[in-house]
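# Structural overview for review
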Amino acid sequence: MKRLLSIHAWLVFAFLYLPIAVIVALSFNQSRFGVRFTGFTFDWYVRLFNNERILEYLTNTLIVAVVSTIASTILGTLLAVGMVRYRFRLQNALRYLLYVPVVVPDVVMGISLLLLFDVVRDAVGWPRLSLFTIILAHISFQIAYVTLVVRARLMLLDPALEEAAKDLGATPWLTFREVTLPLIMPGVVSGALLAFSLSLDDFVVTFFTAGPGSTTLPLYIYSSVKLGVSPEIHALSTLMVGVTILVLLLGTLFWRKRT
Amino acid sequence: MREAAGPRERLRQVLLTIGPGALWLGLFVLVPTLIMLVASLMSRGSLGQLVPPFGLHNYLRFFSDPLFIEIIGRSLWIGFWSTVFIVLLGYPLAFYIAQSRNKEVLLLLVVIPFFTNFLIRVYAWIVVFQKEGLLNSLITAFGLPPAELLPSTLAVYVATVYTYLPFFVLPLYAAVERIDWSLLEAAYDLGARPIRAFWESIFPQTVPGLFAGFLLVFIPAVGTFVIADLLGGGKVTLIGNLIQLQFGSAQNWAFGSAASMVLMAMVLLGLWLYARTQGEKGLDKLV
C-alpha cells in the first residue's frame, strides 16, 4: 500500500515537472523547431537580452506589481484590522464583497473593469487603457487576498495585548504602530508576497485592461504563442521558472529561520 | 476599553481603517458588476457600442440557442472531469506528502509549478503536444505516424488538470495534516479491514478539504478561456472563450455581458450550495 502511494506520488511529480523540463532543455537547443536536440547553445539567451522590447515589458510588469502591491497591502491591512476590531453595519455585505474577486472567474473580473473604464472614459474622457488602468485592476483583486491573509493572522492575536497598551495610555495609532502591526507583520509580509506574485502572474485581467504601450510579460508570451513561438520564449520561460524557484527557496529558508 | 472611546472617535477609527478599502472594493468590484448587469440588458449599436433598447433579449438569445447551451454544457463537462482527474491524482499525493519525512521539500515541489507563470505552464503543453513535440517524437519512435494533437480536447484536459492540480493539493494537504490518526487505530481495534477502516475513520475527516479543493479547481476550470484558446484552437469553445470573443472580434459587449452574468450566476450558485453543505465557516476555509 505504502509502495503504491509512493509510486503514484512520483508519477504525479513527473507529470508536474515534465513540461517544465522540456522547456528548459529546449532553451539550450540549437534547433529552432521540434524537440530533437541538435546541439547546445546560449544563442536564445543572447537574443533575449538583446531584445529591448522584452526589457520594456519586464519594466512594465514590475512597475505594475510593485505599485499595486504597495497600495493593496496598505488598504488590505487596514481593512483587515477594522473588520476584526469593530462591529459595524454592512459588515456582512463587505465580507461578501471581499469574496467576489477571489471566487469570480478572471474573465468576468477583467471585462467588468473594462466596462467600468469605458463608461467613465465616455463620461469624463479619462482614463485611457494604460499601465495605470492595469494597476487599478490589480489592486482590486489583490486587496481581497491581502485582507484575508492578514485577517487570519489577526484572529490568532490575544486582544489583551492591545488592551494592555491602551490601559497604559497609548493612543489608538500608537497601539497600532507599536503593538498590533509588529505582531501581524508576518501576515502582512505573506499578504504582500501573495499580492506581488498574483500581479506578476496575472494574464486575464491585464489582457482586458491593458492598452497600447502597456504590454506586460504575460501579454507578450500570449501574443508570441498566438503568432508562433520563437525559441526566445523558451529562454524567457526558463529564466522566469528559475526566479520562481529561487524566490521560493529563499522564502522557505527565511520563514524557517524565523520559527 | 471600547467604551472609553466615544462614539464619534469610534466612527472615526472605523472609517479610517475600513473606509479606503471598502471604498475601493465598492468602486472597482461592486460598481463594475452593476455596470455589467446594465450592459447585459442593452443592445449592440452599429459600431459595437452599447445602446438602448433595454430588455432581456440577450438572455433570451443565450438560452434559446442550442449552440450556447452546448457551450455551457461543455464548460461544465470539461470542468467537472478535469476536477475528477485532479482529485484522483491529488488526493493520494496529499497523504503521501503528509506522511513523508521530507514534507517541506515535497510541498515545495508542489508549490513551484503553482507559482510558475500561468502562461508558461499552458505554453509548456504546446511544446509537448505540438507536431514535432515530445509526444509525437515518442509516437514516431515506435514507428507510428505522427498524430495531430493540437488543437484537441485531450490537450485542453491535460493542461487544465496540470494547471489547477496544486490548487487542490494545497488545501487538501492542510486537511490531511490535521487528521486524528487515533481513529484509524480504533477502527482496526474494532476489527475493520484496511479499506473499511480508512473509509470510516480517515475519509470523513478529509471531506471539508475535499469540498474546498473541488470548488477551488472547478470554478476557475469552468471560467478559463486561455487554455481552450491556446490548446483547443477554436475547436473547443467554452463559456470563457465566448465572453472573450464578444469583447474581442465580435464586438458585442451587451451579449458578452449577458454571458458573463450567466457564468457569474453559475459560480454563485455553486458557492451557495457549498455554503449550505459546509456552513458559513466553510467559505472562510475556501480562501
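All figures in this text were calculated on a predicted structure; none of them were measured in a lab. The residue count restarts for each chain, going from 1 along the sequence in the order it is written. A letter from A marks each chain and a number from 1 marks each ligand, given out in the order of writing. Since the coordinates come from a predicted model, pLDDT governs what is reported: local features require at least 70, and pairs of side-chain atoms require 80 or more to be given and counted, while whole-chain, interface and lining totals use all residues. Only hydrogens and water are set aside; all other atoms, that is, all heavy atoms of the structure, feed into the side-chain values.

## A word on the interface of chain B and chain A
- The contact rule is simple, with two residues in contact once any of their heavy atoms fall within 4.5 Å. Listed per partner, the contact involves 85 residues of chain B and 87 residues of chain A.
- Between chain B and chain A the total buried area reaches about 7,700 Å² when both faces are included, carbon and sulfur atoms providing 79% of it.
- Any Lys or Arg side-chain nitrogen found within 4 Å of a carboxyl oxygen on Asp or Glu counts as a salt bridge. Summed over the shared surface of chain B and chain A, the number is one salt bridge.
- In this structure, the salt-bridge partner of Asp 229 of chain B is Lys 226 of chain A, at a minimum N-O distance of 2.9 Å.
- By residue number, the principal contributor to the side of chain B that touches chain A is helix H1 (residues 7-40) of chain B, which donates 23 residues. Here the quantity called buried area is the accessible surface, traced with a 1.4 Å probe, that two parts lose on coming together, added over both. In this text, helices come from DSSP runs of H or I with a minimum length of four residues, and strands from runs of E with a minimum of two, each type numbered from the N-terminal end.

## A word on the confidence of the model for chain B
- Known as pLDDT, the predictor's per-residue confidence is scaled from 0 to 100. Mean pLDDT over chain B works out to 88, with 95% of the residues at or above the 70 mark.
- Listed scores for the predicted complex are pTM 0.91 and ipTM 0.90.

## Here we look at the side chain of Ser 75 of chain B
Residue and element names in this part refer to chain B.
- On the secondary structure map, Ser 75 appears in helix H3 (residues 66-99).
- Polar contact is the term for a pair of N or O atoms within 3.5 Å; when the atoms are in protein, one must be able to donate a hydrogen and the other to accept it, and sequence-neighboring residues count only if both atoms are side-chain atoms. At a separation of 2.9 Å, a polar atom in the side chain of Ser 75 contacts the main-chain amide nitrogen of Ile 239.
- Beyond its immediate stretch of four places on either side in the chain, Ser 75 contacts Val 222, Leu 238 and Ile 239.

## Let's talk about the pattern of salt bridges
- As enumerated under the stated definition, the model contains eight salt bridges over all chains in all.
- As a salt-bridge pair, Glu 178 of chain A and Arg 177 of chain A come within 3.2 Å of each other at their nearest N and O atoms.
- With a 1.4 Å probe rolled over the protein chains alone, any residue whose accessible area is under 20% of its type maximum counts as buried; one over 50% counts as exposed, and the rest are partly exposed. On the accessibility criterion, Arg 177 of chain A (39% relative accessible area) is partly exposed.
- Salt-bridge contacts for Glu 70 of chain B lead to Arg 74 of chain B; the nearest nitrogen and oxygen are separated by 2.8 Å. Of this pair, Glu 70 of chain B and Arg 74 of chain B are both found in helix H3, four residues apart, which corresponds to roughly one turn of the helix.
- Overall, the relative accessible area of 24% leaves Arg 74 of chain B in the partly exposed class.

## Topic: the packing of helix H4 (residues 103-115) of chain B against helix H7 (residues 153-177) of chain B
Residue and element names in this part refer to chain B.
- For the pair H4 and H7, the least separation of the axes is 9 Å and the interaxial angle reads 155°. One way to sum up the angle between H4 and H7 is to call them roughly antiparallel. With respect to the hand of their crossing, H4 and H7 are arranged in left-handed fashion. Residue-level contacts link Lys 103, Leu 107, Val 110, Val 111 and Phe 114 of H4 to Pro 166, Phe 167, Val 169, Leu 170, Tyr 173 and Glu 177 of H7.
- Each residue receives one of three labels: charged for Asp, Glu, Lys and Arg, nonpolar for Ala, Val, Leu, Ile, Met, Phe, Trp, Tyr, Cys and Pro, and polar for the others, Gly being one of them. Grouping the constituent residues of the contact of H4 with H7 by class yields nine nonpolar, no polar and two charged. Lines are fitted to the C-alpha atoms to define the axes, a helix being fitted only along its stretch in contact, and any angle between axes, read from their N-to-C directions, falls within 0 to 180 degrees. Throughout, the term roughly parallel applies to angles under 35 degrees, roughly antiparallel to angles over 145, roughly perpendicular to angles from 65 to 115, and oblique to all others. Two helices that cross are described as forming a left-handed crossing if the nearer one is turned anticlockwise from the farther one by less than a right angle, and a right-handed crossing if clockwise.

## What about the nonpolar core?
- Nine residue types can take part in a nonpolar core, namely buried Ala, Val, Leu, Ile, Met, Phe, Trp, Tyr and Cys, and a core is a set of them joined through side-chain atoms within 4.5 Å. Counting residues in each nonpolar core, the largest one holds 153 residues, and the members touching the most others are Leu 236 of chain A together with Phe 62 and Leu 231 of chain B.
- Here this core gets 14 residues from one element, more than from any other, and that element is H7 of chain B.
- Not counting the four nearest positions on each side in its chain, Leu 236 of chain A is found in contact with Leu 48, Ile 54, Leu 217, Tyr 220 and Ile 221 of chain A.
- Leu 154, Phe 176, Val 188 and Ala 195 of chain A belong to the second-largest nonpolar core, a separate cluster that totals ten residues.

## Focus on the layout of surface pockets
- The computed volume of the second largest pocket comes to approximately 550 Å³.
- Site definitions follow a grid-based scheme: protein atoms alone, a 1 Å grid, a 1.4 Å probe that fits but cannot get out for cavities, and for pockets an open set with protein on both sides within 12 Å along at least five of seven lines, plus lining residues having an atom within 4 Å of a point. Lining the second largest pocket are 15 residues, and of these Met 1 and Leu 5 of chain A together with Phe 95, Gln 99 and Phe 198 of chain B sit closest to its centre.
- Of the residues in the lining of the second largest pocket, the class split is 13 nonpolar, one polar and one charged. Grid points are joined across faces, edges and corners, and a volume is the space filled by probe spheres set on the points.

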